[in-house]
Each structure stands twice: as structure tokens, then as C-alpha cells.
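What the coordinates show
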Amino acid sequence: MLKICSFLPAATSMIYEMGLENELVGVTFECPSDKPKVVRSYLEGNNHTSKEIDQIVSQSKAQGKSLYYIDDTLLESISPDIIFTQDVCDVCQIDTSHVARSIYKLKKEPELIPLIPRNLDDIYENAITIAKAFGKEDRAYELLVKLKIRTDYILYTLRKNNAPLKRVMVLEWLDPIYNCGHWIPYQISQAGGIDMLSNPSGYSIVTDWERIRLYNPEVLVVAPCGFEVNRSSQELEALTKLEGWNDLKAVQNNAVFMADADMFTQPSTTVVDGIELLAALFHPTLFEVPSKLKHKYLPFHTIEKVM
């Protein structure tokens, strides 16, 4: 039996979704798994603000240091045959080059399979790459057919009703504000929206608040990378104190939402959950939020009343 490690939560999520977890022997501290945690982070257990995290990340980059490290003793004892890595963002997860520096010390050097998604199609291709490594490629195709049925239904409904594109914005970070990039703009378009401040297939970047005011989105979704709604809600003041916040159409129309980031910033097949949620937020007369996702988002105006 193969022994496989996944050093990114997105791959781990897909492994479980395809029922391949029996051969999974090691994961990261963030992975949704009870397998041994081989990859750790220096930020674990801390409750830094968005601004503090941004400063720590910038400082680490300037010093050429990684926020992640490998438990080499544990990795040696596991002795995996294959390790899935990533080369999209060295801030969010450990990257391939860092892993490569650790495995050369092992008695048995495992195969590294980097996953480098830039858009939705790349994410779906990654599912096939993962399943092939397990020798069970058919599991990926079975999963992808189910996902396509869900996204096709949204597109069919939008076209059938001649639904106009909603002018929207999805934020990947709060302080400073980052727009969205990579596959998220594609999620937005499949949900019936357009984010003209986004960066399709590229990195998210710091975005000036004045640009956002001028753009004036009809719907605003706040999904900071790595955060769940309760965590994001703690930092709402970073937005509400900004000049002109109450003048935004999204604010005036109660169309500001907090959402769990794993449906957006995590390049897993959970991006389809994100598309379904966005469709319901953009076009509430055509779609309902799936019951399994109702705990993964909060309307901003309901949070504001509690504050």
C-alpha cells in the first residue's frame, strides 16, 4: 500500500472527498484530518489581528524566512512514498522548495507532486492528478461529474431568467484590504457576478479604499484567507471606520456578507460550495443558500446589530 502525505489542506480535502484517505499518512496542522501533523507553523495558537499577520508575513519575506516548518523526525518515521505540495502561495502554505530541503535527508526520498492551480479548471485538474497518484483516476471523474451538475444548474438558471451580472467585490484580506485573485473571479462569474477589481489567475493585491468607493459594489463579500466568519467578525471595525463606508450600495442594500474563507481561498473542490453560496447572495430571488452552508456565512447587518 502506498504511503502518501498531503502538505496542503486543499489536497487533503479532495483526498477525503474521493474516499482515498486510507493511504494518507501525514498532513499539515491546518488539514481537516486526524492523520499525523507533519507540517507546523510559527503562527499556530496565536490570535493576531489582520494587520499584525500582514506585518509578520512582510517581515518574514524580507528576512527570507518561512512561516512553516517540518517535523523531520515524524516525517522520517512515516517514510512516505509521495508528498503533495503547492507552489501558489508561500504565505498560505509550505511550498515545494521548502519541502525539498527536508526530504533530501530521508533514507528513502519520496516523490514530490506540486499542485499549482491558477483558476477553476486547474483545481479540477488537480483532483485528477491526486487520484492518479493513488492509482484510482476514476474517483476524480466521478467527483467532477457531480460538481459539474451543480455548477451547470446555476448557469442554466441564470440564463433561463436572463439574470443581469451583479457588480460585486470579494475581499481576501481586511487590513490592509486585498482584492481577490486566482480562481475566485471565476467563481464569481459562474455565480452571476463580475468583480472588476479582481485579478483573475493572478495574485491578490493591496487595493486602495478610494478605488473601492468609486467602484461602489452592489454586493460585498468579506472572506479573509484562513478565517472563519466568527474570526472575521472580530475585525469589522477595519471596514466600518473607513470614510464613505455607509455610502456603498452594498451597505445600503444590506448586501455585505462575511463568509468562511475555505470556500474561496482554498483551491479544493469546496470552491463549488463557494459558487453556490455566491449565487444565492448575488441572486437571492433565484437561489437559496444550501442548508449545509448556512453556518458558513453571516449577513453584515445582523452582526452589526449584535455589536
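Now for a look at the structure at hand.

Cut-off values and rules
- Residues numbered from 1 in each chain as written.
- Predicted model: local features only at pLDDT ≥ 70, side-chain atom pairs only at ≥ 80, totals over all residues.
- Heavy atoms only, no water.
- Phe/Tyr/Trp six-rings, centres within 6.5 Å; stacked < 30°, edge-to-face > 60°.
- Helix = DSSP H or I, 4+ residues; strand = E, 2+ residues; numbered from the N terminus.
- Buried < 20%, exposed > 50% of the residue type's maximum accessible area, 1.4 Å probe, protein only.
- Pairing = 2+ DSSP bridges.
- Axes fitted to C-alpha atoms, helices over the stretch in contact; angles between N-to-C directions.
- Contact = heavy atoms within 4.5 Å.
- Right-handed = clockwise from strand over helix to strand, strands pointing away.
- Salt bridge = Lys/Arg side-chain N within 4 Å of Asp/Glu carboxyl O.
- Patch = residues over 30% accessible without salt bridge, like charges linked within 9 Å, V, L, I, M, F, W, Y side chains within 5 Å.
- Areas by Shrake-Rupley, 256 points an atom, 1.4 Å probe, with all protein chains shown as cover.

This brings us to the packing of aromatic side chains. Enumeration over the complete set of coordinates arrives at seven aromatic pairs. Taking 6.4 Å as the distance between ring centres and 35° as the angle between the ring planes, the aromatic pair formed by F29 and Y68 counts as tilted. Here F29, found in the loop between β2 (24-28) and β3 (37-41), pairs with Y68, found in strand β4 (residues 68-70); they are 39 residues apart in sequence, far enough to count as distant. Classification of Y68 as buried rests on a relative accessible area of 7%. Ring geometry for W245 versus F300: centroids 5.5 Å apart, planes at 75°, classification edge-to-face. Highlighted residues: W245 in the loop between α10 (237-240) and α11 (249-252) and F300 in helix α13 (residues 300-306), separated in sequence by 55 residues. The exposure classification of W245 matches that of F300, with both residues buried. What links up through ring pairs into an aromatic cluster is the set W209, W245 and F300.

A separate point is the sheet that holds strand β6 (residues 111-115). The mixed open sheet is built from six strands, whose spatial order is β4-β3-β2-β1-β5-β6. A strand with exactly one partner marks an edge of an open sheet, and here the two such strands are β4 and β6. For this sheet, the mean angle separating the axes of adjacent strands, direction not counted, is 20°. Seen against the sheet, helix α1 (residues 9-17) touches β1 (4-6), β2, β5 (82-86) and β6 and runs at an angle of roughly 145° to β2.

With that out of the way, let us pick up the pairing of β2. For β2, the buried fraction is high: five of the five residues fall into the buried class. Taken together, β1, α1 and β2 constitute a β-α-β crossover, and its handedness is right-handed. Inspection of the sheet shows β2 paired to β3 by two bridges, in the parallel sense. By the bridge assignment for β3, T28 is matched with V39.

Right, let's talk about the side chain of T157 for a bit. Relative to the assigned elements, T157 resides in helix α6 (residues 137-160). Setting aside residues no more than four positions away along its own chain, T157 makes contact with L286 and F287.

The full count for this structure, using the stated rule, is nine salt bridges. Here K148 makes a salt bridge to D152, at a shortest N to O gap of 2.7 Å. With K148 and D152 both in helix α6 and four residues apart, the pair spans about one turn of that helix. With relative accessibility at 34%, the residue D152 sits in the partly exposed group. Taken together, the shared-partner salt bridges connect R150, D273, E276 and K292 into one network.

The next thing to look at is a nonpolar patch on the surface. The grouping of L165, I194 and M196 at the surface amounts to a nonpolar patch, some 310 Å² of accessible area in total. Relative to the helices and strands, I194 is located in strand β9 (residues 193-194).

Before going further, it helps to examine the sheet that holds strand β11 (residues 219-222). An order of β9-β7-β11-β12-β13 is seen for the five strands of this open sheet, with the pairing classed as mixed. The open sheet is flanked by β9 and β13 (297-299), the only strands paired with a single partner. Note that strand β12 (residues 256-259) and β13 share three bridges and pair antiparallel. Pairing of M258 across the sheet is with L298, part of β13. Across the face of the sheet, helix α12 (residues 271-282) comes into contact with β7 (166-171), β9, β11, β12 and β13 while running at roughly 145° to β11.

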